[in-house]
Amino acid sequence: MLLSITTEITPTAWILASIATFIIGLSKAGIKGIAVLNVTIMALAFGAKQSTGMVVPLLVLADIFAVIYYNRYTQWKYVFKVLPWMVFGLLIGVFIGNELPEKFFKIGMATIIIITVVMMFYWDRKKDKNVPSHWTFAGAIGTIAGITTMVGNLAGAFSNIYFLAMRLPKNQFIGTAAWLFLIINILKLPFHFFIWKTITLESLTLNLMLLPGILLGFFVGVKFIKYIKEAFFRKMILVLTAVGAVLIMLS
């Protein structure tokens with residue numbers, strides 16, 4: 001049973017949760033790479049296991065705003081390439097999530113992210129305009145992203161790497177990611193409801209109370225992202241993704 005929203009949640013937990021939802025809004029508006037912060041902050045506020053399910057409905061709400069705003073930029077061929085693999089990874093995550101040692105998971109995932117980001121920096125310096133076309137690239141990235149999204153809501157780093165590798169322009173990157181994660185996060189809901197039991201009516205009520213933070217974060221993020229140029233957007237995502245990986249390892 002989650003904490004009572006009226007009697008047991010401390011002021012500190014409320015503040016942390018509000019900050020986390022603001023960050024979710026920023027991330028879904030296009031400030032990619034900072035989503036790991038909301039996972040860490042929510043875990044501090046409510047505990048790692050409870051916060052995993054609590055975050056998912058908030059992500060769905062933010063994904064809906066992102067889809068509405070960026071829908072016209074969506075590149076569906078990239079969604080269809082990676083989505084089946086993410087679903088496959090998600091199913092793996094459902095069955096290994098409760099048994100997987102958290103420290104091992106975090107260190108392994110952070111190491112993969114950092115290595116991949118270094119490769120992306122090297123690739124950008126070469127000015128190579130080719131994109132990975134073999135199915136194994138989408139398969140590997142999608143499967144890992146699916147596992148990590150189910151276990152810890154941390155697939156953003158891998159999706160960032162995939163869409164950067166596809167060299168999608170800024171708005172296409174955001175719009176395509178919005179639809180991909182709306183679908184994935186909706187698919188995660190039944191597992192959190194019926195198998196892990198980390199979503200309850202009480203947690204959903206708390207989600208609604210935190211909705212203003214998402215709206216504010218999304219509004220600020222949309223305003224901010226308009227001033228970011230394409231070249232800087234790539235560098236920003238890579239840097240934030242690498243920083244996020246370090247935070248995962250240290251958390």
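Residues numbered from 1 in each chain as written. Predicted model: local features only at pLDDT ≥ 70, side-chain atom pairs only at ≥ 80, totals over all residues. Heavy atoms only, no water.

As recorded in an unreviewed UniProt entry, the protein chain goes by Probable membrane transporter protein and comes from Maribacter caenipelagi. Turning to the protein chain, the UniProt annotation filed under Sequence similarities (unreviewed entry) states: "Belongs to the 4-toluene sulfonate uptake permease (TSUP) (TC 2.A.102) family." Quoted verbatim from the Subcellular location (unreviewed entry) field of the UniProt record, the comment on the protein chain reads "Cell membrane". (UniProt positions renumbered as here; feature names shortened; annotations may be inferred.)

### A short note on the environment of isoleucine 183
Along the chain, the position of isoleucine 183 falls in helix 8 (residues 170-195). Along the sequence, isoleucine 183 and isoleucine 64 sit 119 residues apart, while their C-alpha atoms lie 10.0 Å from each other. When sequence neighbours within four positions are dropped, the list of residues in contact with isoleucine 183 reads Trp76 and Leu83. (Helix = DSSP H or I, 4+ residues; strand = E, 2+ residues; numbered from the N terminus. Contact = heavy atoms within 4.5 Å.)

### Remarks on the packing of helix 8 against helix 10 (residues 230-250)
Where helix 8 contacts helix 10, the two axes come as close as 9 Å, and the packing angle between them is 45 degrees. Taken together, the axes of helix 8 and helix 10 are oblique relative to one another. Along the contact surface, helix 8 presents Lys170, Phe173 and Ile174, while helix 10 presents Glu230, Phe233 and Ile237. Each residue belonging to the contact of helix 8 with helix 10 can be placed in one class, and the counts come to four nonpolar, no polar and two charged. (Axes fitted to C-alpha atoms, helices over the stretch in contact; angles between N-to-C directions. Parallel < 35°, antiparallel > 145°, perpendicular 65-115°, else oblique. Nonpolar A, V, L, I, M, F, W, Y, C, P; charged D, E, K, R; others polar.)

### Regarding the side chain of threonine 241
Secondary-structure assignment places threonine 241 in helix 10. Among the polar contacts listed, one links the side chain of threonine 241 to the side chain of asparagine 160, at a separation of 3.3 Å. Sequence-distant contacts of threonine 241, that is, excluding residues within four places in its chain, are made with Gly33, Ile113, Val117, Ala157 and Asn160. (Polar contact = N/O pair within 3.5 Å; in protein donor to acceptor, adjacent residues only side chain to side chain.)

### Some remarks on empty space enclosed by the protein
A full pass over the atoms with the stated rule returns one cavity of 30 Å³ or more. Approximately 310 Å³ is the volume attributed to the largest cavity. In terms of lining, the largest cavity is formed by 26 residues, of which the most central are Ala35, Asn153, Ala155, Gly156 and Ala157. Mapped by element, the contributors of at least two residues to the lining of the largest cavity are helix 1 (11-29), helix 2 (35-46), helix 7 (156-165), helix 8 and helix 10. Of the residues assigned to the lining of the largest cavity, the class counts are 12 nonpolar, 11 polar and three charged. (1 Å grid on protein atoms, 1.4 Å probe; cavity = no way out; pocket = protein on both sides within 12 Å on 5 of 7 lines; lining within 4 Å. Points joined across faces, edges and corners; volume = space filled by probe spheres on them.)

### Quick notes on the UniProt feature "transmembrane region" (unreviewed entry) in the protein chain
Per the UniProt record, "transmembrane region" (unreviewed entry) is found at residues 12-31, 52-72, 78-97, 104-123, 135-165, 177-196, 208-225 and 232-250. Measuring from the first to the last C-alpha atom of residues 52-72 gives 31 Å, for a span that is 90% helix and 0% strand. In residues 177-196, the share of helix is 95% and the share of strand is 0%. The end C-alpha atoms are 26 Å apart.

### With respect to helix 10
The end-to-end C-alpha distance of helix 10, which contains 21 residues, comes to 31 Å, matching closely the 30 Å that a straight helix rising 1.5 Å per residue would cover. Three or more residues of helix 10 are buried, namely Phe233, Arg234, Met236, Ile237, Leu238, Thr241, Gly244, Ala245 and Ile248. (Expected span 1.5 Å × (residues − 1). Buried < 20%, exposed > 50% of the residue type's maximum accessible area, 1.4 Å probe, protein only.)

### What about the packing of aromatic side chains?
In this structure the tally under the stated criterion is 12 aromatic pairs. Seen from their ring centres, tyrosine 69 and tyrosine 70 are 4.9 Å apart, and the 75 degrees between their planes marks the pair as edge-to-face. A ring pair is formed by tryptophan 76 and tryptophan 179, whose centres lie 5.1 Å apart and whose planes are at 45 degrees; its orientation type is tilted. Of this pair, tryptophan 76 sits in helix 4 (residues 76-96) while tryptophan 179 sits in helix 8, and the two are 103 residues apart along the sequence. On the basis of relative accessible area, tryptophan 179 is assigned to the partly exposed category, the value being 22%. (Phe/Tyr/Trp six-rings, centres within 6.5 Å; stacked < 30°, edge-to-face > 60°.)

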